[in-house]
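What the coordinates show
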Amino acid sequence: MAADLTTIGVVSLYFLGMLAIGAWTSKKIKNTEDYLVAGRSLGFWVFVLLMIGTVCSGMSLLGVSGLGYKVGWPTIWEQIFVPLSIGFCVIFFGVKLHNVAKTSGYMTVQDYLAHRYESPVALRSLAAVAGIIVSLIYLVGQYTAIAIVLMWLFEIPLWLALLIATLVTMVYTAIGGLYAVAWASLIQSFILIIGVIVMAPIIIFYAGGFTHVNEVMTSINPNLVMPWMPSGAFAVPYIFSFAILLMIGLACAPHVINNVLSIKDVKFFKWAPLAAFLIYGAAMFLLKFTGFAGITMVKEGIFKLPAVTNAQDYVILYGIQYSIPTIAFWGIFAVIVLAAVMSTTDRLMLTIGAMVSWDLYKKVLKPDAPDKTVLLLSKIVVVLSAFGTMILAINPPEMLAILIWMGIGVMLSTFAVPLLAGLYWRGATRQGALAAMSLGLASSLVFGFLNYFKVVFAGVDFAKIPLHFSFYAFVIAIIAMSVVSMATRKTAEKVLDETQTGWYISKQ
Amino acid sequence: MFGLPDITILTVGITIVIAIAALLYWGLTFKGHD
């Protein structure tokens with residue numbers, strides 16, 4: 001389809017709005033703390049919608065309905081455990097990190113890891129480098145989603161679609177830091193939620209209604225309306241590992257967890273988990289139902305999906321196109337998807353900027369670097385990461401596609417154990433954290449490749465392993481942390497007290 | 001109901017209720033301090 005002037009106008013207005021937010025928030029930036037953690041000043045709703053915007057990526061929009069189209073109701077657990085990841089992050093990471101950060105002045109989660117594990121160079125560097133790599137990979141995946149929508153809407157070449165989206169996101173992120181990202185997310189998440197709540201019911205209604213959609217799915221394959229598949233992917237064991245992956249993996253992803261350092265008052269953590277779950281959950285359920293509606297619409301010949309390998313990712317685009325013939329709505333829908341993609345890409349770029357300028361440059365390479373230099377470097381890295389990933393997204397190497405697919409799994413295996421053990425187990429040591437992080441990262445890559453390439457090794461068919469590949473790496477990281485920590489010297493009691501380490505969330 | 005088997009409504013419904021109850025409990029009991 002080719003966009004008309006109304007669509008171009010709606011999308012342009014949205015882009016201008018984002019740039020205006022960048023210009024407005026850039027005046028608030030006085031130092032690195034303002035840039036990286038928004039001066040620790042975010043209010044309740046800005047924080048809740050920042051968390052929703054960060055977690056809800058472009059692939060959430062295209063991928064959620066796509067997965068629903070492909071596998072049906074057994075994938076509905078995604079709509080419960082992704083929204084729960086915000087609550088998990090706030091409750092199990094946020095409260096302690098925020099409280100300790102007040103006295104210790106953490107700018108990034110790597111600051112916490114360096115402090116808690118008495119490892120100002122080794123663990124900080126490993127965590128930062130691992131964080132930069134997984135964030136870059138995730139960022140390329142986001143640009144792929146943005147390209148799908150812009151190319152569909154405007155019939156423009158991939159490079160131009162990517163360039164437009166990259167330029168806008170890069171400009172407001174680079175000049176306004178987390179202030180811009182947070183305020184942009186407020187608008188983006190609002191657009192996203194309202195947009196999905198308005199448009200999804202129209203698509204479901206057009207497909208014949210919720211009950212009819214479920215009946216058609218039953219007639220195609222009764223397993224499509226069951227809560228789990230009888231075997232293989234989305235059978236009960238797989239769903240269990242999938243729930244861990246989504247809830248904990250997303251919660252400890254560098255671009256998500258760093259948000260907890262920017263809140264103004266810890267009391268905002270009281271109702272943020274429930275608010276985020278209800279708002280985001282409602283939107284995500286509706287999105288999944290549009291995927292189900294797509295099954296009916298394709299079955300009844302209303303539309304055909306394109307003959308591409310990721311055809312299911314187009315289901316919501318075609319659903320909109322056929323159920324809402326008013327062209328103006330397509331522009332609004334494009335803005336919804338752009339909002340979802342940009343609310344994640346901006347946070348990812350800023351996280352990469354923080355890890356390079358703060359963790360690697362200021363804390364490892366040049367501790368006496370003035371604040372102005374660190375701030376400037378943060379901005380430069382935001383620009384470089386935007387263009388670097390854009391170039392990768394234009395012509396992604398085959399290896400990259402596999403890494404994007406591994407995305408959250410690698411985050412879970414790398415960061416969850418050092419963070420959870422660091423916060424709640426006084427016996428966790430520096431060597432244990434280094435072992436857990438490096439083995440978790442390495443084993444998740446190994447299991448991911450074996451699973452992706454359907455390798456059969458030592459009698460094990462890795463294409464048919466009963467759990468998500470990341471769960472095996474997660475268990476290896478737990479074992480590494482436990483065994484190595486018990487065999488090595490304990491962390492100083494003073495540090496454990498300073499970092500509020502122990503089997504509690506908050507000392508009340 | 002809604003063209004769905006009872007087991008789907010029950011398992012998904014119960015999980016959602018448990019999740020909301022847990023987050024509600026957190027909200028009612030967390031005091032926090034700054």
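Residues numbered from 1 in each chain as written. Chains lettered and ligands numbered in written order. Predicted model: local features only at pLDDT ≥ 70, side-chain atom pairs only at ≥ 80, totals over all residues.

**Some details on the overall build of chain B**
As a reminder, the rule being used: Only DSSP runs of H or I covering at least 4 residues are called helices, and only runs of E covering at least 2 are called strands; the numbering of each starts at the N terminus. To sort residues by exposure, count the other C-beta atoms lying within 10 Å of each residue's C-beta; 20 or more gives buried, 12 or fewer gives exposed, and values between give partly exposed, all with C-beta atoms placed from the backbone.
In terms of helices and strands, chain B carries one helix and zero strands. Expressed as lengths along the three principal axes of its C-alpha atoms, the size of chain B is roughly 50 × 10 × 10 Å. In chain B, which comprises 34 residues, the share counted as buried stands at 12%.

**Looking at the nonpolar core**
Side chains of a nonpolar character, in soluble globular proteins, are inclined to be buried together. Residues and elements named next belong to chain A. Operational definition: To count as a nonpolar core, a set of buried Ala, Val, Leu, Ile, Met, Phe, Trp, Tyr and Cys residues must be joined through C-beta atoms within 7 Å. By the criterion used throughout, residues are in contact when their C-beta atoms, derived from the backbone, lie within 7 Å.
Counting 205 residues, the largest nonpolar core has Ile 146, Val 149, Ala 182, Ala 251, Cys 252, Ile 336 and Leu 338 as the members making the most contacts within it. The biggest single contributor to this core is helix H8 (residues 158-206), with 24 residues. Not counting residues within four places of it along the chain, the set of residues in contact with Leu 338 comprises Tyr 14, Ile 146, Val 149 and Ala 165.

**Digging into the packing of H8(A) against helix H12 (residues 272-299) of chain A**
Residue and element names in this part refer to chain A. Just so we agree on the cut-off: Axis definition: a line fit to C-alpha positions, over the contact stretch in the case of helices; interaxial angles, taken between N-to-C directions, run 0 to 180 degrees. If an angle is under 35 degrees, it is roughly parallel; if it is over 145, roughly antiparallel; if it lies from 65 to 115, roughly perpendicular; otherwise it is oblique. Crossing handedness is defined as follows: a turn of the near helix away from the far one that is anticlockwise and smaller than a right angle gives a left-handed crossing, while the clockwise case is right-handed. Ten residues, namely Ala, Val, Leu, Ile, Met, Phe, Trp, Tyr, Cys and Pro, are considered nonpolar, four, namely Asp, Glu, Lys and Arg, are considered charged, and the remaining ones, Gly among them, are considered polar.
Contact pair H8 / H12: the axes reach a minimum separation of 9 Å and the direction vectors enclose 30°. It follows that H8 is roughly parallel to H12 by the angle criterion. Pair H8 / H12 crosses with left-handed handedness. Facing H8, whose interface residues are Leu 192, Ile 193, Val 196, Ile 197, Ala 200, Ile 203 and Ile 204, H12 presents Ile 279, Ala 282, Ala 283, Leu 286, Leu 287, Phe 289, Thr 290 and Ala 293. The residue inventory of the contact of H8 with H12, partitioned by class, reads 14 nonpolar, one polar and no charged.

**With respect to the interface of chain B and chain A**
Each side of the interface is counted separately: chain B has 20 residues, and chain A has 25 residues. For the side of chain B that touches chain A, a count of residues per class yields 11 nonpolar, seven polar and two charged.

**Structural notes on helix H1 (residues 5-26) of chain A**
Residues and elements named next belong to chain A. Stated precisely, the cut-off is as follows: Between the first and last residue of a helix there are one fewer steps than residues, each counted as 1.5 Å, and that sum is the expected span. This arc is taken over the directions from the axis of the helix to the C-beta atoms.
Across its 22 residues, H1 extends 31 Å between first and last C-alpha, which sits within 8% of the 32 Å expected from 1.5 Å per residue. Turning to H1, its buried residues are Thr 7, Val 11, Tyr 14, Phe 15, Met 18, Ile 21, Gly 22 and Thr 25. Each buried residue of H1 lies within a common arc of 110° when the element is viewed along its axis, so the set occupies one face. For H1, exposure combined with an orientation more than 90 degrees from the buried face picks out Leu 5, Ser 12, Leu 13, Leu 16 and Ala 20.

**Observations concerning unusual backbone geometry**
Residue and element names in this part refer to chain A. Here Phe 234, not a glycine, exhibits a phi torsion of approximately 70°, which is positive. The backbone phi angle of Gln 500 is positive, close to 50°, even though this residue is not glycine. Structurally, the position occupied by Gln 500 is in the segment after helix H19 (493-498). Residue classification places Gln 500 among the partly exposed positions, given that 18 C-beta atoms sit within 10 Å.

**A short note on the environment of Val181(A)**
All names here are of chain A. Assignment of secondary structure puts Val 181 in helix H8. A residue is classified by how many C-beta atoms lie within 10 Å of it, and Val 181, with 33 of them, is buried. Taking the C-alpha atoms as reference points, Val 181 and Gly 22, 159 residues apart in sequence, are found 8.3 Å from one another. Apart from residues no more than four positions distant in its own chain, Val 181 is found in contact with Thr 173, Asp 346, Arg 347 and Leu 350.

**Things to note about the environment of Trp183(A)**
Residue and element names in this part refer to chain A. Structurally, Trp 183 is set in helix H8. Given 23 C-beta atoms within a 10 Å radius, Trp 183 is considered buried. Separated by 319 residues in the primary sequence, Trp 183 and Gly 502 place their C-alpha atoms 35 Å from one another. For Trp 183, the contacting residues outside a window of four places in its chain are Ile 21, Thr 25 and Val 46.

**Side note on the environment of Pro237(A)**
Structurally, Pro237(A) can be placed in helix H10 (residues 236-251). Contacts of Pro237(A), omitting those with residues within four sequence positions, involve Pro466(A) and Leu467(A).

Spatial relationships are all this shows, so hold off on functional conclusions.
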